[in-house]
Amino acid sequence: MNVRHATLPSWLPSWAAVALPALFAATDALLVNGVTPGKDLWLSLLAAVALLWRRRFPATVFLATLPGMYLTYIWLAPMIALYTVAVRRPARWLLGATGVLMAAAQFVPYPVSDLAHNDRRQMAVNLVDAFVVAATPIALGLLTRTRRELADRLEELTRSRAREDQLLADRVLATERARLAREMHDVVAHQVSLISLQAGAVQISTEDTQARAGARTIRELSVRTLDELRHMVGILRAAGADTEELTPQPRLADLPRLIELSALDVAFEDATDPGTERSEAVERAAFRTVQEALTNVRKHAPGAKVTVRVVEEAGARLVVEIRNGPPDAAVPAPELPGGGHGLVGLRERAQSLGGTLEAHATPEGGFVVRARLPRE
């Protein structure tokens, strides 16, 4: 596992973790050896400078600090180097070897002839002191490494817990979508089926040609609504999964039939090339734009004249424009319910495809909806 660098206070620059230990070690060298140039001072300062590379070459830097410790009795540079070895290279054989070398450099005096062979008590004290000096940076280094590993594992567990929470939320959402699909199917489909049956009964029983045509239109609209409902229920039950479309989706070629069934005074102009290849999502968005605009005309401008234009402009963009005039005061409003989300959904759909949608009132008292969609 990779061990991260030590975390510094926000007010310290990033290079401080490298430079400050070397600066402290150089201060220790000057305090021990003074400022008079000589072999001992140069060895001590060399050990301090070597700390700048301790993260990349921890074992080599430690070996470079040992002469200064053995000959001049500096402590900070070798202890910092051994601490870095424990943090970054925690192999047992390496820690054992470097610990023994540091204990030996601390225990064996320079020159070796100064070793007090006769005073066994003093030798024991010095030996214990040497191993304590060597064990302390190793213990601190291993403790730091363990703490950082635990922090990394805790962070990984936190991310894993977040993923599990997201999966649980997705499962709850999928369950709710399935429940909503069932409710929609049970309630709406039942009502629409009754409308279709009643329209079929009227179509068979009536002798009035106009009433029979109206009943046939109602029945066709009911069947189409049921198809749309089944498609929506399938999408809800799929819980957002990338599944294939359950039913054929409407395209530009279906616009004439949609306008015919709208029961509105619509002038349709299609200036597109039938042989042009377009994305299915783009054609579906164009169809839904016209469908929603005609629904809004039926709700808010009954009796108004409508013009639907589908053209292609420069830049390989498909332009769909639905323009209606003011409502006819002689035609009663149907008082259909509305949630005010239709145009918002159309705008989001157009933007998701890389297009735009604008909708605004006209000076004549009507309304215009214009979508510009890319071909692909």
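Residues numbered from 1 in each chain as written. Predicted model: local features only at pLDDT ≥ 70, side-chain atom pairs only at ≥ 80, totals over all residues. Heavy atoms only, no water.

### Considering the overall build of the protein chain
The condition is simple: The helix count covers DSSP runs of H or I at least four residues long, the strand count covers runs of E at least two residues long, and both are numbered beginning at the N terminus. The rule is simple: take the accessible area with a 1.4 Å probe, protein chains only, and divide by the maximum for that residue type; under 20% is buried, over 50% is exposed, in between is partly exposed. Residues are treated as being in contact if the distance between any of their heavy atoms lies within 4.5 Å.
Each helix and strand counted, the protein chain has 10 helices and five strands in total. A buried classification covers 33% of the 376 residues belonging to the protein chain. Counting contacts in the protein chain only where the partners sit at least 6 residues apart, residues at least 24 apart contribute 69% of the total.

### A word on the confidence of the model for the protein chain
Applied cut-off: Each residue carries a pLDDT score, the predictor's own confidence in it, on a scale running from 0 to 100.
Summing up the model confidence of the protein chain, the mean pLDDT is 80 and the portion of residues at 70 or higher is 84%. For residues 240-246, every residue scores under 50 in pLDDT, and the model assigns this stretch nine contacts once sequence neighbours within four places are set aside.

### Let's talk about the nonpolar core
The condition is simple: Here, nonpolar core refers to any group of buried Ala, Val, Leu, Ile, Met, Phe, Trp, Tyr and Cys residues whose side-chain atoms link them within 4.5 Å.
With 28 residues, the main nonpolar core has Leu 51, Phe 62, Ala 77 and Met 102 as its most contacted residues. Apart from residues no more than four positions distant in its own chain, Phe 62 is found in contact with Pro 78, Ala 81, Leu 82, Val 85, Thr 98, Leu 101 and Met 102. With 27 residues, the next largest nonpolar core counts Leu 294, Val 297, Val 310 and Ile 322 among its residues.

### Quick look at the environment of Phe 131
Locating Phe 131 in the fold gives a position in helix α6 (residues 120-205). Counting along the chain gives 31 residues from Phe 131 to Val 100, while the straight-line C-alpha distance between them is 7.9 Å.

### A short note on the side chain of Thr 272
With respect to the helices and strands, Thr 272 occurs in the loop between β1 (265-270) and α9 (280-300). Given a relative accessible area of 14%, Thr 272 falls into the buried group. Each residue touching Thr 272, except ones within four places of it in the same chain, is listed here: Arg 278, Val 310, Val 311, Glu 312 and Leu 318.

### A short note on a nonpolar patch on the surface
Rules: Like-charged residues within 9 Å of one another, or nonpolar side chains (Val, Leu, Ile, Met, Phe, Trp, Tyr) within 5 Å, are grouped into patches, provided each residue has over 30% relative accessible area and no salt bridge. Using a 1.4 Å probe, the Shrake-Rupley method yields the accessible areas, and only the shown protein chains count as cover for residues. A carboxyl oxygen of Asp or Glu within 4 Å of a side-chain nitrogen of Lys or Arg is what we treat as a salt bridge.
On the surface, Leu 31, Val 32, Tyr 73 and Tyr 110 cluster together into a nonpolar patch covering about 430 Å² of accessible area. Along the chain, Val 32 turns up in helix α1 (residues 16-33). Under the relative-accessibility criterion, Val 32 is labelled partly exposed at 38%.

### Examining the side chain of Asp 28
Our working rule: Only four residue types enter the tally: Lys and Arg on the positive side, Asp and Glu on the negative side, with His and both chain ends excluded.
Tracing the chain through its elements places Asp 28 in helix α1. One buried charged side chain, Asp 28, makes no salt bridge at all; its nearest oppositely charged neighbour is Arg 54, positioned 14 Å away. Aside from chain neighbours lying at most four places away, what touches Asp 28 is Ile 74, Trp 75 and Leu 76.

### Things to note about the sheet that holds strand β2 (residues 305-313)
Convention followed: For two strands to pair, DSSP has to find at least two bridges joining them. Orientation is described by axes fitted as lines to C-alpha atoms, over the contacting stretch for helices, and by angles from 0 to 180 degrees between their N-to-C directions.
The strand order across the open sheet built from five strands is β1-β2-β3-β5-β4, with neighbouring strands paired in mixed fashion. Since the sheet does not close on itself, it has two edges, and those belong to β1 and β4 (356-361), each with one partner. When strand polarity is set aside, the average angle formed by the axes of neighbouring strands in this sheet is 10°. Alignment of β2 against strand β3 (residues 317-324), held across eight bridges, turns out to be antiparallel. Across the sheet, Val 306 pairs through a bridge with Asn 324, a residue of β3.

### Considering the pairing of β2
Here is the rule we go by: For the handedness criterion, the strands are oriented away from the viewer, and a crossover whose path from the first strand over the helix to the second runs clockwise is classed as right-handed.
Relative to β2, β1 runs parallel, the two sharing six bridges. Residue Asp 265 lies in a different strand from β2, and its bridge partner there is Lys 305. One crossover worth recording links β1 to the parallel β2 by way of α9, and it is left-handed.

### Focus: the environment of Arg 298
With respect to the helices, strands and loops of the structure, Arg 298 is situated in helix α9. For the pair Arg 298 and Leu 264, spaced 34 residues apart in the sequence, the C-alpha separation amounts to 7.6 Å.

### As for the pattern of salt bridges
Side chains carrying opposite charge are able to pair once their charged atoms draw close together. With the rule as written, the count across this model stands at 16 salt bridges. Of the charged contacts in the structure, one is a salt bridge between Glu 283 and Arg 278, with a shortest N-O distance of 3.5 Å. In this structure, Glu 358 engages Arg 370 in a salt bridge whose closest nitrogen and oxygen atoms are separated by 3.2 Å. Note that Glu 358 is positioned in strand β4 and Arg 370 in strand β5 (residues 367-374), a separation of 12 residues in sequence. By relative accessible area, which is 30% here, Glu 358 ends up partly exposed. With relative accessibility at 14%, the residue Arg 370 sits in the buried group. Salt bridges here are not isolated pairs; linked through shared partners, they connect Glu 269, Arg 309, Glu 313, Glu 321, Arg 323, Glu 358, Arg 370 and Arg 372.

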